[in-house]
2 protein chains.
Amino acid sequence: MMMSKNAFRDFIHQYEKLTDAEWEMVANRLHPLHLKKGDILLKEGQICNHIWFLEQGFLRFFIWKDGEAISKFFTLAPYTFTSQRSFNLRQPTKENIEVLEDSIIWEIGFDDNQKLMQIPSYNTFVRKLIQEVQHFTEQIMESLQNKTAEERYRVILEKNPKFMQRVSLKHLASFLGITPQSLSRIRKNIH
Amino acid sequence: MMMSKNAFRDFIHQYEKLTDAEWEMVANRLHPLHLKKGDILLKEGQICNHIWFLEQGFLRFFIWKDGEAISKFFTLAPYTFTSQRSFNLRQPTKENIEVLEDSIIWEIGFDDNQKLMQIPSYNTFVRKLIQEVQHFTEQIMESLQNKTAEERYRVILEKNPKFMQRVSLKHLASFLGITPQSLSRIRKNIH
DNA sequence: TTTCGAATTTACCATAGGGTAACTGTAGTG
DNA sequence: CACTACAGTTACCCTATGGTAAATTCGAAA
């Protein structure tokens, strides 16, 4: 599998440009991880100590509720993420991050990130990224507030077809806030 | 009605301390607004040009969907907010901000805020605030994904009783993602 | 205080989605 | 090749919530 730190630079540049010198400082603090399907990157109760860049692969964020795993988000490469609240407030996380497909990940430790945050352009990159995530979360919230499960399913089908091909019905159902049976019925109605 | 810029300083200090000199720079860029119940602070289609600090009062964020006003968030003083996506990306907003109770607001213009963002502690304040908002949004999303309307109502009743006393059933219902009739029925069952 | 419009409640029936369980298909393992 | 485990489907009935409409209460303006 190909892997390259530059994939992260390309990703950052979608938000904010870094000079070569700035990028060097970032690159020096990146460490690679190779994870297999089924691996757990972060587990409930741990304090999240890294920001991660997913170069290749597919991940799922989920929480436990009454013995059920509820999918909160999915992360499709390339993207940058962490367990925000845990990472920033240094608290145990409630989230679990599961590897759904073999993945290449680059990580930056908490202390290294603190140093990098002093670089204005890196700081701006992080802020813009958080704002984008906030926007995604709001969109999901809105669709849960005023769309039916079938409408939400159709929207994903149209807007994220790549994602649909890779996620299991079970995981998608918990993300949509319904049971796998209901989603199966909805699928049948549509086709 | 009492009003004081220092209320904003107190608010900022919950997230990050500013030196007296730093605070002066912020304070010099604050402009007061007095709004009445029913006023619209921001309307769909406008580009949001300010960050606002709500010193006193109560606001509602809502969007139009099929001729219906859907409540997205409520803001109870003291809090700092803007229409994030519109403000940061300089795009027309989809949100409307309505004044539910007479309010005292301090505003900072976009250009002034850009300058203030160069102050590291102010920058950190803003980032922490965005992260907090992200956390609130995620919590709302989660409760919409895996709680019934009645459970969501009970949670608000327990955790935000002050808020419950001030919001109308109609607005609360659209926030919970149900009709006013359903919320009325739920209330009846509980009492 | 009176009046009008809006907010809330109630009632009725319709529908989306849940709970349980049984069945089917399929991938991994010995 | 058989066995197992688990994902997905289907079916049954049930409950939460929606849609419509009408009755009632509340609140602001005259």
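Look above for the structure.
The rules behind each value
Residues numbered from 1 in each chain as written. Chains lettered and ligands numbered in written order. Predicted model: local features only at pLDDT ≥ 70, side-chain atom pairs only at ≥ 80, totals over all residues. Helix = DSSP H or I, 4+ residues; strand = E, 2+ residues; numbered from the N terminus. Buried ≥ 20, exposed ≤ 12 C-beta atoms within 10 Å, placed from the backbone. Contact = placed C-beta atoms within 7 Å. Near = placed C-beta within 6 Å. Nonpolar A, V, L, I, M, F, W, Y, C, P; charged D, E, K, R; others polar. Core = buried A, V, L, I, M, F, W, Y, C linked by C-beta atoms within 7 Å. Axes fitted to C-alpha atoms, helices over the stretch in contact; angles between N-to-C directions. Parallel < 35°, antiparallel > 145°, perpendicular 65-115°, else oblique. Least-squares fit on C-alpha atoms with pLDDT ≥ 70 in both. Left-handed = near helix turned anticlockwise from the far one by under 90°. Pairing = 2+ DSSP bridges.

**Q** Is there a simple way to think about the overall build of chain A in this case?
**A** Per the secondary structure count, chain A includes nine helices and six strands. In terms of overall dimensions, chain A has a C-alpha envelope of 55 × 35 × 35 Å along the principal axes. Within the span of chain A, comprising 191 residues, buried residues form 34% of the whole. The long-range share in chain A, meaning contacts at least 24 apart out of those at least 6 apart in sequence, stands at 73%.

**Q** Explain the protein's contact with DNA strand D to me, please; I cannot follow it from the model alone.
**A** The environment of DNA strand D is formed by 17 residues, the closest being Leu169 and Ser184 of chain A together with Ala149, Ile178 and Ser182 of chain B. In terms of residues, the surface near DNA strand D owes the most to one element, helix H9 (residues 180-190) of chain A, which gives six residues. Grouping the constituent residues of the surface near DNA strand D by class yields five nonpolar, seven polar and five charged.

**Q** Help me understand the nonpolar core, please; the structure alone is not making it clear to me.
**A** Across soluble globular proteins, nonpolar side chains show a tendency to be buried alongside one another. Judged by nonpolar contacts, the single largest core of 28 residues is most densely connected at Trp52, Phe53, Leu59 and Ile105 of chain A. If you list the elements that add at least two residues to this core, you get helix H1 (6-13), helix H2 (20-27), strand S2 (40-42), strand S3 (50-65), strand S6 (96-109) and helix H5 (120-146) of chain A. Of all the elements, S3 of chain A adds the most residues to this core, at eight residues. If you look at the next biggest cluster of nonpolar residues, it comprises 26 residues, including Cys48, Phe62, Phe87 and Tyr122 of chain B.

**Q** Even after reading the chapter, I still don't get the protein's contact with DNA strand C, so can you show me in this structure?
**A** In the vicinity of DNA strand C there are 16 residues, among which Ala149, Ile178 and Ser182 of chain A together with Lys170 and Ser184 of chain B approach most closely. Secondary structure elements with two or more residues in the surface near DNA strand C: helix H6 (149-159) and H9 of chain A together with helix H8 (169-176) and helix H9 (180-190) of chain B. In terms of residues, the surface near DNA strand C owes the most to one element, H9 of chain B, which gives six residues. Among the residues forming the surface near DNA strand C, the class breakdown is four nonpolar, seven polar and five charged.

**Q** What should I look at first to understand the packing of helix H8 (residues 169-176) of chain A against H9 of chain A in this one?
**A** A pair of packed helices is characterised by two quantities: the angle between their axes and the separation of those axes. Residue and element names in this part refer to chain A. Contact pair H8 / H9: the axes reach a minimum separation of 8 Å and the direction vectors enclose 100 degrees. Overall, the two elements H8 and H9 adopt an arrangement that is roughly perpendicular. Counting all contacts with H8, which are made through Leu169, Lys170, Leu172, Ala173 and Leu176, the residues of H9 involved are Pro180, Ser182, Leu183 and Ser184. In terms of residue class, the contact of H8 with H9 is built from six nonpolar, two polar and one charged.

**Q** Please explain the relation of the copies chain A and chain B as it appears in this structure.
**A** Superposition of the two copies of the chain requires a rotation about an axis together with a shift along that axis. After a rotation of 180 degrees and a shift along the axis of 0.1 Å, chain A superposes on chain B with an RMSD of 0.0 Å. Put plainly, the chains are arranged around a two-fold axis. The residues that chain A uses at the interface reappear at the interface of chain B in 100% of cases, marking a shared surface.

**Q** How do you make sense of the environment of Ile130 of chain B when you look at a structure like this?
**A** Summarising the element assignment, Ile130 of chain B is placed in helix H5 (residues 120-146). Under the C-beta neighbour-count criterion, Ile130 of chain B is labelled partly exposed, with 18 such atoms within 10 Å. Excluding residues that lie within four positions of it along the chain, Ile130 of chain B makes contacts with Ile130, Gln131 and Gln134 of chain A.

**Q** Is there a simple way to think about the interface of chain A and chain B in this case?
**A** Interface size is often expressed as the accessible area that is lost when the parts come together. Taken together, the contacts link 22 residues of chain A with 22 residues of chain B. Listing elements by their share of the side of chain A that touches chain B, those giving two or more residues are strand S4 (68-76), helix H3 (84-89) and H5 of chain A. By residue number, the principal contributor to the side of chain A that touches chain B is H5 of chain A, which donates 15 residues.

**Q** In this structure, what is going on with the packing of H5 of chain A against H5 of chain B? I would like to understand it.
**A** Two numbers describe how H5 of chain A lies on H5 of chain B: the axes approach to 9 Å, and their chain directions differ by 25 degrees. By the angle class used here, H5 of chain A and H5 of chain B are roughly parallel. In this structure, the crossing between H5 of chain A and H5 of chain B has a hand that is left-handed. Across the interface between the two elements, Asn123, Arg127, Ile130, Gln131, Val133, Gln134, Thr137, Glu138, Ile140, Met141, Leu144 and Gln145 of chain A from H5 of chain A touch Asn123, Arg127, Ile130, Gln131, Val133, Gln134, Thr137, Glu138, Ile140, Met141, Leu144 and Gln145 of chain B from H5 of chain B. Taken together, the residues that form the contact of H5 of chain A with H5 of chain B break down as 10 nonpolar, 10 polar and four charged.

**Q** Help me understand the pairing of S6 of chain A, please; the structure alone is not making it clear to me.
**A** Looking along a regular strand, one sees side chains alternate from face to face of the sheet. All names here are of chain A. Here strand S1 (residues 31-35) runs beside S6; their pairing, made up of five bridges, is antiparallel. Residue pairing for S6: His31 is matched across the bridge by Glu107. When S2 meets S6, the two strands line up antiparallel, connected through two bridges. Within the sheet, the bridge partner assigned to Ile40 lies in S6 and is Glu98. When S3 meets S6, the two strands line up antiparallel, connected through 11 bridges.

It is worth stressing that arrangement in space is one thing and function is another; only the former is reported here.
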